[in-house]
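# What the coordinates show
Here is what each chain is made of, one letter per residue.
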Protein chains: 2
Amino acid sequence: MSTPPSLASGPEGPHALRPLLDTVLAALDEGARARGGPLPSGGPDAVAARVRDAVGDVLPDQGDPNALHHLVRALAEGAADPADPLCTAHLHCPPLALATAADLAASALNPSLDSWDQAPGAAELEALVTEALAREVFAAPAPHETPPAPHETPPTPHETAVTTRDPQAGPPRRHPSALVTTGGTESNQLALLLAREAHGAGVRLVHGANAHHSLPRAAWLLGLPEPVVVPAPAGTLDPVALDEALTRLSGPPGSLLVAATAGTTDAGLIDPLPDIAALCAAHRTRLHIDAAYGGGLLLSDRYRDLLTGLAAADTVALDLHKFGWQPVAAGLLAVRDPRDLAVLHHRADYLNADDDAEAGLPDLLGRSLRTSRRPDALKIAVTLKTLGRSGLGRLVDQVCDTARAFAALVHDHPGFDLYDPPALSTVLFRPAHATDDDIAAVRRRLLTDGRAVLGRARMDGRLWLKATLLNPRTRPDDLAALLKLVEGNTPR
Amino acid sequence: MSTPPSLASGPEGPHALRPLLDTVLAALDEGARARGGPLPSGGPDAVAARVRDAVGDVLPDQGDPNALHHLVRALAEGAADPADPLCTAHLHCPPLALATAADLAASALNPSLDSWDQAPGAAELEALVTEALAREVFAAPAPHETPPAPHETPPTPHETAVTTRDPQAGPPRRHPSALVTTGGTESNQLALLLAREAHGAGVRLVHGANAHHSLPRAAWLLGLPEPVVVPAPAGTLDPVALDEALTRLSGPPGSLLVAATAGTTDAGLIDPLPDIAALCAAHRTRLHIDAAYGGGLLLSDRYRDLLTGLAAADTVALDLHKFGWQPVAAGLLAVRDPRDLAVLHHRADYLNADDDAEAGLPDLLGRSLRTSRRPDALKIAVTLKTLGRSGLGRLVDQVCDTARAFAALVHDHPGFDLYDPPALSTVLFRPAHATDDDIAAVRRRLLTDGRAVLGRARMDGRLWLKATLLNPRTRPDDLAALLKLVEGNTPR
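Parameters at a glance
Residues numbered from 1 in each chain as written. Chains lettered and ligands numbered in written order. Predicted model: local features only at pLDDT ≥ 70, side-chain atom pairs only at ≥ 80, totals over all residues. Pairing = 2+ DSSP bridges. Helix = DSSP H or I, 4+ residues; strand = E, 2+ residues; numbered from the N terminus. Axes fitted to C-alpha atoms, helices over the stretch in contact; angles between N-to-C directions. Contact = placed C-beta atoms within 7 Å. Least-squares fit on C-alpha atoms with pLDDT ≥ 70 in both. Nonpolar A, V, L, I, M, F, W, Y, C, P; charged D, E, K, R; others polar. Buried ≥ 20, exposed ≤ 12 C-beta atoms within 10 Å, placed from the backbone. Expected span 1.5 Å × (residues − 1). Bend = angle between axes of the 7 residues up to and from the residue.

### Description of the sheet that holds strand β13 (residues 462-468) of chain A
Residue and element names in this part refer to chain A. Taken in spatial order, the four strands line up as β10-β11-β13-β12 in an open sheet, and their pairing is antiparallel. Both edges of this open sheet fall to β10 (416-418) and β12 (455-459), since each of them pairs with a single strand only. Taken over all neighbouring pairs, the strand axes of this sheet differ in orientation by 40 degrees on average, direction set aside. Pairing of β10 with strand β11 (residues 426-431), which is carried by three bridges, proceeds in the antiparallel orientation. Residue pairing for β11: Phe416 is matched across the bridge by Pro431. Against the sheet, helix α13 (residues 377-412) contacts β10, β11 and β13, and its axis sits at roughly 20 degrees relative to β11.

Structure representation (structure tokens):
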């Protein structure tokens, strides 16, 4: 019998990993040189053909010992590298080397967070990260915060864990909680699910026309009624229109769920959160805030105030693979009242039998809709702890400053129109006098030539080029080069 | 302004990663030595306290440059290491060093599979992997396979891509497809969603009492009716009972979805797939097979025949983080008729505007319910290509042989009862004359002492200890030691 290939953990793990990691680093380097720009040139068919040539038969009868090198090289050559300053289309951040290295340990040890006996240490690490971030979200008192209602059902073990009992303090104070998700999309799904389970399958989502597409998609997924879309003429949810909609739709408390956005995908704008929170309180309506993009401002002393009102939400989506510089996935759903999570409780005897729970084995299954689950909390914890609030805040400030610098460049350039000064790190701009078709064409030309990755957004009825600046190493020269590229490639 | 921390990609990426990876490898090694066994000792409270001590404040104001080392060390010390032969409770595999190293490249480059301009090469790599695995699943002709129905709606671009048009062949032949998921749980959710969208929200899930908990949970998630549970008295779905249920429930075609299991979580058993497929054909009922565990047998010449009937399913869940030796996540949902996937089509102008799709930019958004999405296909591709069908098949054979060796040891030991000879790699056993409470107690004692990680399963009305053998490096000595440990720790 032949010797099986090496495992990533166990006593030989680190030793076996070292030469393979050397291969990966060399292949990443070679692939990036072969690409020679922010993305591969030639467009979709040419890129696909090169990948197919490099891979050959992906499942041959006999193995190929050089596959690691060839495939990683092909991935790198075929990448849109978010660390390249001209790759700036999407909320697609360049990950920190630190977070990426930490993530290797998660892969090697492979703890799975569906039961304590697969992840004894990782479970506690996740608890520390989620509690810290939930505290950060709900630190400020919410405008309509009321004392928690007395217990109607006995506390679950998890609930007990997040409750502080102080004999002098009256009713127990419950600490906010958070679940780790695959990203804002799953966080939005979970927020809708918690609302559905609290208030019934008739609960109706009310969201702005500026909301992320995953919100109506989640309503479809969960079998909820067709959402109500409130106008967002200036790119943010209009409170007057929201008030009208809530008045028109009014039913029993909980029949509606309002979703607001802190950091829109198209323009990086923040809905008027205090106004929306006040309306939700007045209409006794549940509030979810999708802060997948803007939530990172929590760590910035300079920008944190833009999130005033966030703490009034029942649930908040965060995404540390945007501001946070994590490799995908690093999503969270922060939940103000941890009792809301009881509906996710789920029994599977092999993972959380009653007698095991009674004997003190933690029950992790209700922390996710997934079963096997990777500890994304490790890379997040390493990043938070290594940089601290100040270090992460500086990164946020830096990319927001870069966006302002780019906006200024656009503003001062006679050949370009600027949509608006950036609220976060998104800049919308367009060559003056170009048509929408020209705008779409220049974006595709730069993509096809492998010269720049820019996004697109429709605002005010016109198509704009979008630069989402998430790279803390982008310099003024890069921004000037980006503008020059667009100028030189716009059809005349 | 201070220099921002290093990024994982860009020209400096590999250089910046190298010392950090050295730190990770050293910390993994130190942590494993400090643990000194398959899992940390002392039980949940003690393990949690050690992690809290090692981490301190996870979000301090000022950063801590040693956090990477400390946190990775804490994770390793607190791990239940699946590469330890005595860590054998769950479908929790020890990942290959190869797959783990490849996954680092995915983290470093951070391609996100929701749009081509974030993942030009990764998108093609994923297509190659999913096509190859879908072909593997649906290679054998299904018993009730009928020629595909003529198109009722014009093909979508994706549909065209997976259709081969041969002028002599009559109607076009459609190649099966597969979606990458976070695991069997998401695959099962998607299978139910495809059934719901094809046949309406009244579609009722019919599953065995032996099915994975994620199946009824998915029905709840998607707002479907309460599932019908068919008895599985011997651990596999009883075809006579299924026939009765399908006859009793009969409605219009598509009103039911049968879910069968190839590799149950409790006992590693395979439902009688050919019988079930024939019943589904006779009753014109859609069939999903959860092969999250057993699907790996496809790559084994010796065991592949156990999966006869698999190709008759409409959808099949696979999980390469079980047999497949990938770090979590590495799930797939294979889909026989790619037209079923059209219901996942979804428009978000910033990711797949109509004019971009018309100009040839691939539309990836309909390949998942997630938006940002990590290329788990890379580690899978590297593993398939490096080992080939023969190398992976050998690993499957090896762990199945190990399970047979362990079952023989149990069988020959007068102090133990064996549940049944293993079908895959799961062995259920119990100390003779022990009570169920004793069984539960010895498992918890071994966990708390940090000496072995065993699972549990209730079969035939009794509680059994469960060894799920997934480690190709486990040796006969390890198995003897495991049995001795249980013997020495069973309450008398």
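After that view of the structure, there is still more to cover.
### Examining the relation of the copies chain A and chain B
Overlay of chain A on chain B (RMSD 0.0 Å): rotation 180 degrees, translation along the axis 0.0 Å. Put plainly, the chains are arranged around a two-fold axis. The rotation axis passes nearest to the C-alpha of Leu222 of chain A in chain A, at a distance of 2.4 Å. Here 100% of the contact residues of chain A are again contact residues in chain B; the copies associate through an equivalent surface.

### Overview of the interface of chain A and chain B
In this complex, chain A contributes 145 residues to the contact, which on the side of chain B involves 146 residues. At 14 residues, α13 of chain A tops the list of elements feeding residues into the side of chain A that touches chain B. In terms of residue class, the side of chain A that touches chain B is built from 81 nonpolar, 36 polar and 28 charged.

### A few points about the environment of Leu194 of chain A
All names here are of chain A. By secondary structure assignment, the location of Leu194 is in helix α7 (residues 184-199). Classification of Leu194 as buried rests on a count of 24 C-beta atoms within 10 Å. Other than its neighbours up to four places away in sequence, Leu194 contacts Thr315, Asp340 and Val343.

### Describing unusual backbone geometry
All names here are of chain A. Omega for the peptide link from Val328 to Ala329 comes to 10 degrees, which places this bond in the cis form. Mapped onto the fold, Ala329 is located in the loop between β8 (315-319) and β9 (331-335). In the Ramachandran plot, His433 falls in the positive-phi region, its phi being about 70 degrees despite a non-glycine side chain. Checked against the element boundaries, His433 lands in the loop between β11 and α14 (436-448). His433 gets classed as exposed once you count the C-beta atoms within 10 Å, which come to 10. Although it is not a glycine, Asp460 sits at a positive phi angle of roughly 55 degrees. Mapped onto the secondary structure, Asp460 falls in the loop between β12 and β13. Here Asp460 falls in the exposed class, since 11 other C-beta atoms lie within 10 Å of it.

### Digging into helix α13 (residues 377-412) of chain B
It helps to recall that an α-helix has 3.6 residues per turn; residues three or four apart then point in one direction. Here α13 of chain B is 36 residues long, yet its end C-alpha atoms lie only 43 Å apart, well below the 52 Å a rise of 1.5 Å per residue gives. The sharpest bend along α13 of chain B measures roughly 95 degrees and falls at Gly388 of chain B.

### A few points about the environment of Arg451 of chain B
Residue and element names in this part refer to chain B. Summarising the element assignment, Arg451 is placed in the loop between α14 (436-449) and β12 (455-459). Owing to 20 C-beta atoms within 10 Å, Arg451 belongs among the buried residues under this scheme. Separated by 430 residues in the primary sequence, Arg451 and Leu21 have C-alpha atoms spaced 30 Å apart. Setting aside chain neighbours within four positions, we find Arg451 in contact with Gly37, Leu86, Leu446 and Leu485.

### Quick word on the pairing of strand β3 (residues 177-181) of chain A
Residues and elements named next belong to chain A. Within β3, five of the five residues are buried, which leaves it mostly tucked inside the rest of the structure. Side-chain alternation along β3 places Ser177, Leu179 and Thr181 on one buried face and Ala178 and Val180 on a second face that is also buried. Looking at chain direction, β3 and β9 are connected through five bridges and run antiparallel. Paired with Thr181 across the strands is Gly331, a residue of β9.

### Quick look at the pairing of β13 of chain A
Residue and element names in this part refer to chain A. In terms of burial, β13 is a largely internal element, six of the seven residues being buried. Across five bridges, β12 lies against β13 in antiparallel orientation. Looking at the pairing, Met459 lines up with Arg462 of β13. Once β12 ends, the chain turns through two residues before running back antiparallel as β13, passing Asp460 with a positive phi of about 55 degrees.

### Considering the sheet that holds strand β6 (residues 256-261) of chain A
Residue and element names in this part refer to chain A. Pairing within the open sheet is mixed, and its seven strands lie in the order β3-β9-β8-β7-β6-β4-β5. Edge positions in the sheet fall to β3 and β5 (228-230), since each of these pairs with one other strand and no more. On average, adjacent strands in this sheet sit at an angle of 20 degrees to one another, irrespective of strand direction. The pairing of β6 with strand β7 (residues 286-290) spans five bridges and is classified as parallel. Of the residues in β7, the one forming a bridge with Ala259 is His288. In this fold helix α5 (residues 120-137) packs onto β3, β8 and β9, with an angle of close to 120 degrees to the strand it touches most, β3. Lying on the sheet, helix α9 (residues 239-249) is in contact with β4 (204-208), β5 and β6; it crosses β5 at an angle near 150 degrees.

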